[in-house]
Amino acid sequence: MTNPLDFTGKSVLIVGGSSGIGNGMAQSFRARGAEVHVWGTRPSADDYAKDEGCDLTGLHYTSVDVSDPAAVDAAPDMDRLDVLVLCQGAVRYNRAEFEREAWHQVLDVNLNSVMDCARKFHDALREAEGSLIVVSSTAAFHATVGNPAYGASKAGAVALVRTLASAWARDGIRVNGIAPGYVRTKMTAVTFDDEKRTEQVVRSIPLRRTGEPSELAGAVLFLASPLSSYILGQTIIVDGGLTLT
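Every value quoted in this text rests on a predicted model; they were computed, and no experiment measured them. (Residues numbered from 1 in each chain as written. Predicted model: local features only at pLDDT ≥ 70, side-chain atom pairs only at ≥ 80, totals over all residues. Heavy atoms only, no water.)

*Asks:* Give me the nonpolar core: which residues, what numbers.
*Replies:* When a protein is soluble and globular, its nonpolar side chains tend to lie buried together. The biggest cluster of nonpolar side chains holds 29 residues, and the ones touching the most others in it are Ile14, Met25, Phe29, Val36, Val38, Val85 and Ile178. Contributions of two or more residues to this core are made by strand S1 (11-15), helix H1 (20-31), strand S2 (35-40), strand S4 (83-86), strand S5 (131-135) and helix H8 (213-224). Counting residues per element, this core draws most heavily on H8, at 7 residues. Apart from the residues within four sequence positions on either side, Val36 is in contact with Val12, Ala26, Phe29, Arg30, Leu59 and His60. The next biggest cluster of nonpolar side chains, apart from the first, holds 26 residues, and it includes Val64, Val72, Leu125 and Trp168. (Core = buried A, V, L, I, M, F, W, Y, C linked by side-chain atoms within 4.5 Å. Buried < 20%, exposed > 50% of the residue type's maximum accessible area, 1.4 Å probe, protein only. Helix = DSSP H or I, 4+ residues; strand = E, 2+ residues; numbered from the N terminus. Contact = heavy atoms within 4.5 Å.)

Structure representation (structure tokens):
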């Protein structure tokens with residue numbers, strides 16, 4: 001019997017796959033036989049070598065600043081792409097997102113670049129009858145008092161999943177997403193470097209623990225596989241029950 005989670009011979013691109021959640025996804029696909037490409041912001045793969053949670057072993061790395069539409073357009077094309085995971089993300093703290101500059105910085109990465117990347121690889125996904133998966137956040141479903149741009153951009157990404165799913169289904173492209181809860185990454189260090197805030201976060205999660213990148217990778221593997229062949233336009237919440245409370 002064929003293993004539905006065997007991606008041997010499949011091509012995968014993970015935008016934001018150089019570190020954190022995206023890197024865990026990239027290595028999970030590679031472990032299952034896929035040829036995996038990742039985009040990151042640093043000049044070369046070697047620039048991630050000393051960072052915790054950055055394993056670029058066996059991955060094809062390209063430096064692309066997705067906040068710049070011209071850089072996305074100029075990045076290497078692919079004739080055929082089986083799986084595209086859009087895991088890029090930005091946030092600005094200390095209420096900076098209430099100001100115009102930070103608002104645009106966050107929207108450019110978290111929403112505008114999602115559409116730019118999806119548009120760029122539409123034809124390659126159509127050729128493979130592939131899967132597009134957008135990584136948003138549970139912030140799409142609740143108030144983010146200090147981060148209006150982050151919350152708005154993630155809610156926009158969830159809406160974009162529904163729209164692209166409907167628009168591109170006839171092209172053979174399945175579009176879905178996941179919305180992670182709390183996971184320890186560089187971007188969430190401002191929370192987890194504070195012991196009291198960490199305790200508050202854990203108490204708010206019914207499973208009483210934060211998520212692991214491997215658990216988010218599991219949801220993405222499922223959505224990219226034949227196991228989810230009749231799922232379309234959905235954003236699966238992967239948060240240990242955080243949004244239940």
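*Asks:* So, unusual backbone geometry: which residues are in play, and what are the values?
*Replies:* Look at Arg95: it is not a glycine, yet its phi comes out positive at around 60 degrees. Mapped onto the fold, Arg95 is located in the loop between S4 and helix H3 (100-120).

*Asks:* Which residues make up the pairing of strand S6 (residues 174-180), and what values go with them?
*Replies:* Of all the 7 residues making up S6, 7 are buried; the element is thus mostly covered by neighbouring parts of the structure. Residues Arg174, Asn176, Ile178 and Pro180 line one face of S6 and the alternating positions Val175, Gly177 and Ala179 line the opposite face, and both faces are buried. In this sheet, S6 lies alongside S5 in parallel orientation, the contact comprising 5 bridges. Of the residues in S6, the one forming a bridge with Val134 is Gly177. With 4 bridges joining them, S6 and strand S7 (residues 235-238) adopt parallel strand pairing. (Pairing = 2+ DSSP bridges.)

*Asks:* Can you break down the layout of surface pockets residue by residue, with the values?
*Replies:* By volume, the second largest pocket is sized at about 280 Å³. Surrounding the second largest pocket, 16 residues form its lining, Lys10, Glu129, Ala224, Ser225 and Pro226 being those nearest its centre. Residues of the lining of the second largest pocket, tallied by class, amount to 6 nonpolar, 5 polar and 5 charged. (1 Å grid on protein atoms, 1.4 Å probe; cavity = no way out; pocket = protein on both sides within 12 Å on 5 of 7 lines; lining within 4 Å. Points joined across faces, edges and corners; volume = space filled by probe spheres on them. Nonpolar A, V, L, I, M, F, W, Y, C, P; charged D, E, K, R; others polar.)

*Asks:* Outline the packing of H3 against helix H5 (residues 148-168), supporting the account with residue identities and numerical values.
*Replies:* At a minimum axis distance of 8 Å, the contact between H3 and H5 shows a crossing angle of 15 degrees. What the angle tells us is that H3 and H5 run roughly parallel. Here the hand of the crossing between H3 and H5 comes out right-handed. Contacts between H3 and H5 involve Trp103, Val106, Leu107, Asn110, Leu111, Val114, Met115, Ala118 and Arg119 from the first element and Pro148, Ala149, Tyr150, Ala152, Ser153, Lys154, Gly156, Ala157, Leu160, Leu164 and Trp168 from the second. (Axes fitted to C-alpha atoms, helices over the stretch in contact; angles between N-to-C directions. Parallel < 35°, antiparallel > 145°, perpendicular 65-115°, else oblique. Left-handed = near helix turned anticlockwise from the far one by under 90°.)

*Asks:* Now, about H5: what can you tell me, with residues and values included?
*Replies:* In this model H5 runs 30 Å from its N-terminal to its C-terminal C-alpha over 21 residues, within 8% of the 30 Å that 1.5 Å per residue would give. Residues of H5 that are buried: Ala149, Tyr150, Gly151, Ser153, Lys154, Ala157, Val158, Leu160, Val161, Leu164, Ala165 and Trp168. Where the residues of H5 are buried, they touch H3, helix H4 (122-128), S5, S6 and S7. (Expected span 1.5 Å × (residues − 1).)

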